[in-house]
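Secondary and tertiary structure notes
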Amino acid sequence: MSSDGNDPDEGLLAGVGRGDPTAVRALLDRRLPRILALARRMLNDPGEAEDVAQETFLRAWKQARSWKPGGAKFDTWLHRVALNLCYDRLRKRRETPTDQPPEQVDTGPAPDAGLLGADLSRRVESALAALPPRQREAIVLCHHQGLGNIEAAGLMEISVEALESLLSRGRRALKAALADLAGEA
Amino acid sequence: MMSLERFEDLAETYGGEIARWPEAEREAARALLAVEAVRLTPVLVAAAHLDRLLDRAPAQAPDSALLGRLISAAPTAAPSSRRWIAGLSAALGLSAAAFAGVVVGVSMGRPAAAPPAAVTVASAAEQPAVVTTAVDTSTALQDAISEHSEL
């Protein structure tokens with residue numbers, strides 16, 4: 001995916017390549033929370049999310065000196081690396097047999113009417129985690145990460161129509177799973 | 001004019017904020033909403049409710065340990081003294097390469113007295129730049145063999 005030549009991170013990345021600590025800190029302030037949030041919502045595991053975010057930025061540091069402006073936007077590149085790392089982990093989870101059965105995600109109605117904030121967050125997180133990964137990815141990219149449909153479809157290497165199908169199926173499933181929360185949020 | 005079905009599809013797909021819909025369809029969507037507000041406003045409200053729920057999915061703030069690890073792993077500027085040493089090393093490397101080239105050249109000039117291959121192997125091991133003389137050396141080796149067979 002090519003950028004329109006206006007990569008807002010280009011200057012900071014050049015600074016990182018020169019070893020400027022101010023640029024390093026500014027780039028982390030700007031992009032690390034986004035990548036960490038992406039990994040958290042894809043993996044539903046704080047420790048794994050942190051590992052993915054760390055590995056993503058370690059790879060970015062290696063790229064910084066040789067980064068060529070005019071190609072993919074740095075933010076898009078970060079998303080691509082982080083998503084690949086998330087999928088590696090999701091694949092390993094499926095392939096690794098465990099003695100214990102997988103944790104059952106509770107997407108059903110809460111026993112008490114009216115949820116506290118933390119409970120509500122857990123319910124939403126669980127419902128999101130219960131989606132098929134591609135539906136979850138589409139929703140996280142478009143809703144949480146705020147990417148446009150063309151950029152999100154490009155990252156997922158699918159057409160915009162396929163992205164829209166994933167989004168609408170995912171949102172319908174979430175709506176059904178969270179139907180009892182009509183008065184919340 | 002956008003159809004009602006397309007408007008509903010877009011709300012179901014992208015949520016209750018028209019500003020987050022595909023740019024090419026926003027204007028038509030707003031125009032349709034102005035005409036069909038009674039029917040379409042509840043569609044947006046329902047979609048926006050799911051948006052707000054989705055906003056509650058926890059994010060995760062980077063902790064100071066993660067930040068510290070990434071900052072310490074980031075590229076650092078080479079100190080000026082290190083750059084000076086690097087420049088000197090490069091210059092010495094070039095000199096060594098030039099010297100090795102001279103040695104090879106001189107060796108090649110001697111008729112089979114000093115085996116050229118031995119000189120070349122030693123040079124190549126010490127200074128990769130001399131590898132470019134491999135073809136020349138190979139030729140010299142062939143010459144030496146032919147000179148030997150002529151003897």
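Quantities reported herein were computed from a predicted structural model and do not represent experimental measurements. The residue numbers shown here count from 1 along each chain, following its written sequence. The order in which chains are written sets their letters, starting at A; the order in which ligands are written sets their numbers, starting at 1. Given that this is a predicted model, residues contribute local features only at a pLDDT of at least 70 and side-chain atom pairs are listed and counted only at 80 or more, while totals for whole chains, interfaces and linings are drawn from all residues. Working from all heavy atoms in the structure, the side-chain values ignore hydrogens and water.

**So, the pattern of salt bridges**
All names here are of chain A. Any carboxyl oxygen of Asp or Glu within 4 Å of a side-chain nitrogen of Lys or Arg constitutes a salt bridge here. Across all of its chains, the model carries 21 salt bridges over all chains by this definition. Across the salt bridge formed by Asp 119 and Arg 122, the nearest N and O atoms sit 2.6 Å from each other. Separated by three residues within a single helix, Asp 119 and Arg 122 lie in helix 5 (residues 117–129), roughly one turn from each other. A single salt-bridge network, built from bridges that share partners, covers Asp 9, Arg 30, Arg 31, Arg 34 and Asp 75. Helix numbers and strand numbers start at the N terminus; a helix is a DSSP run of H or I with at least 4 residues, a strand a run of E with at least 2.

**Let's talk about the domain arrangement of chain A**
Put simply, an interface is often sized by how much accessible area is lost when its parts join up. All names here are of chain A. Each domain's extent was defined by an automatic or database domain assignment. In terms of domain boundaries, chain A breaks down into domain 1 (1–103) and domain 2 (117–185). Taking the mean C-alpha position of each, domain 1 and domain 2 sit 20 Å from one another. As a working definition, buried area equals the accessible area (1.4 Å probe) given up by two parts on being put together, with both sides summed. Taking both partners together, domain 1 and domain 2 bury about 1,500 Å²; carbon and sulfur atoms supply 55% of that area. Taken together, the links from domain 1 to domain 2 amount to two salt bridges. A salt bridge links Glu 125 to Arg 40; the shortest N-O distance between them is 2.9 Å. Nitrogen and oxygen atoms within 3.5 Å of one another constitute a polar contact, given that in protein one can donate a hydrogen and the other can accept it, and given that sequence-neighbouring residues count only through two side-chain atoms. Run the count over domain 1 and domain 2 and you get seven residue pairs in polar contact (both at pLDDT 80 or more). Among the elements that line the side of domain 1 that touches domain 2, the one with the most residues is helix 4 (residues 74–95), at seven residues. Each residue gets one of three labels, nonpolar for Ala, Val, Leu, Ile, Met, Phe, Trp, Tyr, Cys and Pro, charged for Asp, Glu, Lys and Arg, and polar for the others, Gly among them. Looking at the side of domain 1 that touches domain 2, its residues break down into seven nonpolar, three polar and five charged.

**Side note on the packing of helix 3 (residues 46–64) of chain A against helix 4 (residues 64–73) of chain B**
One can describe the packing of helix 3 of chain A onto helix 4 of chain B by two numbers: an axis separation of 10 Å at closest approach and a directional angle of 15°. Classified by the interaxial angle, the pair formed by helix 3 of chain A and helix 4 of chain B is roughly parallel. Remark: the crossing between helix 3 of chain A and helix 4 of chain B carries right-handed chirality. Residue-level inspection shows Glu 50, Gln 54, Phe 57, Leu 58 and Trp 61 of chain A of helix 3 of chain A in contact with helix 4 of chain B, the latter providing Leu 66, Arg 69, Leu 70 and Ala 73 of chain B. Note on geometry: axes are lines fitted to C-alpha atoms, helical ones only across the stretch in contact, with angles between N-to-C directions running from 0 to 180 degrees. When describing relative orientation, an angle under 35 degrees is termed roughly parallel and one over 145 degrees roughly antiparallel, while 65 to 115 degrees is termed roughly perpendicular and anything else oblique. Here a crossing is called left-handed whenever its near helix is offset anticlockwise from the far helix by less than a right angle, and right-handed whenever the offset is clockwise. Whether two residues are in contact is decided by their heavy atoms, any of which lying within 4.5 Å being enough.

**So, the interface of chain A and chain B**
Every contact between the two is made by 45 residues of chain A and, on the other side, 34 residues of chain B. A combined buried area of about 3,700 Å² lies between chain A and chain B, and 61% of that area is made up of carbon and sulfur atoms. Inspection of the region where chain A meets chain B yields four salt bridges. With a shortest N-O distance of 3.6 Å, Glu 164 of chain A and Arg 6 of chain B are connected by a salt bridge. For the pair chain A and chain B, the interface holds 20 residue pairs in polar contact (both at pLDDT 80 or more). At nine residues, helix 2 (residues 21–43) of chain A tops the list of elements feeding residues into the side of chain A that touches chain B. Along the lines of polarity and charge, the residues of the side of chain A that touches chain B split into 24 nonpolar, nine polar and 12 charged.

**Focus: the confidence of the model for chain B**
All names here are of chain B. For chain B, per-residue confidence averages 71 on the pLDDT scale, and 51% of positions sit at 70 or higher. Counting contacts from residues 109–151, a segment whose pLDDT is below 50, to residues more than four positions away or on other chains yields 24 contacts. Our summary of model confidence lists the complex with pTM equal to 0.72 and ipTM equal to 0.84. pLDDT is defined as a per-residue confidence score from the predictor, taking values between 0 and 100.

**Describing the UniProt feature "domain: RNA polymerase sigma factor 70 region 4 type" (unreviewed entry) in chain A**
UniProt positions are given in the numbering used here, feature names are shortened, and annotations may be inferred rather than shown by experiment. The UniProt entry lists residues 122–174 of chain A under the feature "domain: RNA polymerase sigma factor 70 region 4 type" (unreviewed entry), expressed in the numbering used here. Taken end to end, residues 122–174 of chain A comprises 81% helix and 0% strand; its first and last C-alpha atoms sit 13 Å apart.

**Observations concerning the state of the cysteines**
Our working definition of a disulfide is a cysteine sulfur pair at a distance within 2.5 Å. Evaluation of the coordinates by the stated rule reveals zero disulfides over all chains. Cys 86 of chain A forms no disulfide, and the closest cysteine sulfur to it belongs to Cys 142 of chain A, at a distance of 16 Å.

**Some words on the environment of Lys 62 of chain A**
Residue and element names in this part refer to chain A. Considering the arrangement of structural elements, one finds Lys 62 in helix 3. For each residue, the accessible area found with a 1.4 Å probe, counting protein chains only, is set against the maximum for its type, and the residue is called buried under 20%, exposed over 50%, and partly exposed in between. For Lys 62, a relative accessible area of 69% gives the class exposed. The spatial distance from the C-alpha of Lys 62 to the C-alpha of Ser 159 is 31 Å, given a sequence separation of 97 residues.

**Some words on the packing of helix 6 (residues 133–144) of chain A against helix 7 (residues 149–156) of chain A**
All names here are of chain A. Running from N to C, helix 6 and helix 7 cross one another at 145°; their axes reach a closest spacing of 10 Å. Along this stretch, helix 6 crosses helix 7, giving a crossing that reads as right-handed. Note on element contacts: helix 7 touches helix 6 through Ala 152, Leu 155 and Met 156, opposite Arg 134, Glu 137, Ala 138, Leu 141 and Cys 142. Of the residues that constitute the contact of helix 6 with helix 7, the class distribution is six nonpolar, no polar and two charged.

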